[in-house]
Amino acid sequence: MHLQQRSSHPDRDVVLADARRAMDEVYRFLVRRCGSRTLAEDLTSESVLAAVDRVTAGEIDRITVAYVVGIARHKLIDHWRRAERERRHLSLRLGTGDAPVVDEPFEEGRAAAVLASLRPLHRAVLTLRYMDDLSVPATAELLGRSVATTETLLMRAKRAFRDRYAEMAHQDASEDDHA
C-alpha cells in the first residue's frame, strides 16, 4: 500500500490507523457534496495522503477527521474552480442562456440531482453556504472572492438551482403522464 511505503515515522502504526479512520468519514463528506463516487474516492485519497505527508514531515502531531475534512473541502473547491474555468472556456465558444425563477417545495432526491448538475462554482457556493452552513463572508473567503461578489454568485446559483429543479420536475411530470 502506498501509505506504508511512504511512512518512516516512528509512530507508523498510529499514523496508518488515524489515516484509515479518517478515510471513511472524509469519503462520506465528499460523496454527499460532489455526487460522484469516483471523484469522492480520488479526493479522499489525495486528502488523506496530504495529511500523512504533514504528519511524516512533523508539521502536525496526529491525523484527525476534522483536519482531513478541512483538506478535502479545499481540494473539492479547487476541483470545482478548475471545472468552472473549463466550463467558462467552453461557454465562450458555445454561448449560454438564463431561465425564469420558479418557487416550489423541494424533494430531497431531486434536489441532490439538481445540485450535482449545476456549474461547479454554483454547486460550491450553495454547498458551502447551505450544506456546510457557512456565513457569506466565510464562503467568500474559501472561494477567494469578495463578499459582494459572493452574494451575487449566491443569487445566481439559487436561481440556477430553482430553474434546473423546475425543469427536472417538469420532465418527471411528463414521464408520469406517459406512463
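Everything numeric here is computed off the predicted structure, so don't read it as measured data. (Residues numbered from 1 in each chain as written. Predicted model: local features only at pLDDT ≥ 70, side-chain atom pairs only at ≥ 80, totals over all residues. Heavy atoms only, no water.)

Quick word on unusual backbone geometry
- At aspartate 133, a residue that is not glycine, the phi angle is positive and equals roughly 60 degrees.
- Mapped onto the elements, aspartate 133 comes out in the loop between α6 (120–131) and α7 (136–143). (Helix = DSSP H or I, 4+ residues; strand = E, 2+ residues; numbered from the N terminus.)

A short note on the nonpolar core
- Within the largest apolar cluster, 43 residues are counted, with the highest numbers of intra-cluster contacts made by Leu30, Ile63, Leu126, Leu143 and Phe161.
- Contributions of two or more residues to this core are made by α2 (12–34), α3 (37–56), α4 (65–94), α5 (108–117), α6, α7 and α8 (147–178).
- Top contributing element to this core by residue count: α3, with eight residues.
- Residue contacts for leucine 143: discarding those within four places in its chain leaves Ile77, Arg81, Leu121, Ala124, Val125, Leu128 and Leu153. (Core = buried A, V, L, I, M, F, W, Y, C linked by side-chain atoms within 4.5 Å. Buried < 20%, exposed > 50% of the residue type's maximum accessible area, 1.4 Å probe, protein only. Contact = heavy atoms within 4.5 Å.)

Some thoughts on α3
- The terminal C-alpha atoms of α3 lie 28 Å apart, and with 20 residues this matches the ideal 28 Å at 1.5 Å per residue to within 8%.
- Every buried residue of α3 is accounted for by Leu39, Ala40, Leu43, Thr44, Ser47, Val48, Ala50, Ala51, Val52 and Val55.
- Just beyond α3, the residue with positive phi is glycine 58, at close to 80 degrees. (Expected span 1.5 Å × (residues − 1).)

Details of α2
- With 23 residues, α2 should reach 33 Å at 1.5 Å per residue; the first-to-last C-alpha distance of 31 Å fits that figure.
- At methionine 23, α2 shows its strongest bend, of approximately 25 degrees.
- Of all the residues in α2, the buried ones are Val15, Leu16, Asp18, Ala19, Ala22, Val26, Phe29, Leu30, Arg33 and Cys34.
- Backbone geometry just after α2 places glycine 35 at a positive phi near 75 degrees. (Bend = angle between axes of the 7 residues up to and from the residue.)

Thoughts on the environment of valine 26
- With respect to the helices and strands, valine 26 occurs in helix α2.
- Measuring from C-alpha to C-alpha, the distance between valine 26 and arginine 73 comes to 9.3 Å, with 47 residues separating the pair along the chain.
- When near neighbours in sequence (up to four residues on either side) are disregarded, valine 26 contacts Thr44, Val65, Val68, Val69 and Ala72.

Focus: the pattern of salt bridges
- Following the criterion strictly, the structure yields nine salt bridges and no others.
- Notably, a salt bridge pairs arginine 28 with glutamate 25, separated by 2.4 Å at the nearest N-O pair. You can see arginine 28 and its partner glutamate 25 sitting in helix α2, three residues apart, about one turn around the helix.
- Taking the relative accessible area as the measure of exposure, arginine 28 reaches 39% and is therefore partly exposed.
- Notably, a salt bridge pairs glutamate 167 with arginine 164, separated by 2.6 Å at the nearest N-O pair. Taken together, the residues span about one helical turn, with glutamate 167 and arginine 164 both in helix α8 at a distance of three residues. (Salt bridge = Lys/Arg side-chain N within 4 Å of Asp/Glu carboxyl O.)

Some details on the packing of α6 against α7
- α7 packs onto α6 with a crossing angle of 140 degrees between their chain directions and a minimal axis gap of 9 Å. Between α6 and α7, the angle is such that the two are oblique. In this structure, α6 meets α7 at a crossing whose hand is right-handed. Facing α6, whose interface residues are Leu121, Ala124, Val125, Leu128 and Arg129, α7 presents Val136, Thr139, Leu142 and Leu143.
- Within the contact of α6 with α7, the residues separate by chemical class into seven nonpolar, one polar and one charged. (Axes fitted to C-alpha atoms, helices over the stretch in contact; angles between N-to-C directions. Parallel < 35°, antiparallel > 145°, perpendicular 65-115°, else oblique. Left-handed = near helix turned anticlockwise from the far one by under 90°. Nonpolar A, V, L, I, M, F, W, Y, C, P; charged D, E, K, R; others polar.)

Considerations on the packing of aromatic side chains
- Applying the stated criterion to the full structure yields one aromatic pair.
- Relative to tyrosine 165, the ring of phenylalanine 161 lies with its centre 6.2 Å away and its plane at 20 degrees, an arrangement referred to as stacked. With a gap of four residues between them, phenylalanine 161 and tyrosine 165 both fall in helix α8, about one helical turn apart. Note on accessibility: phenylalanine 161 and tyrosine 165 belong to one class, buried. (Phe/Tyr/Trp six-rings, centres within 6.5 Å; stacked < 30°, edge-to-face > 60°.)

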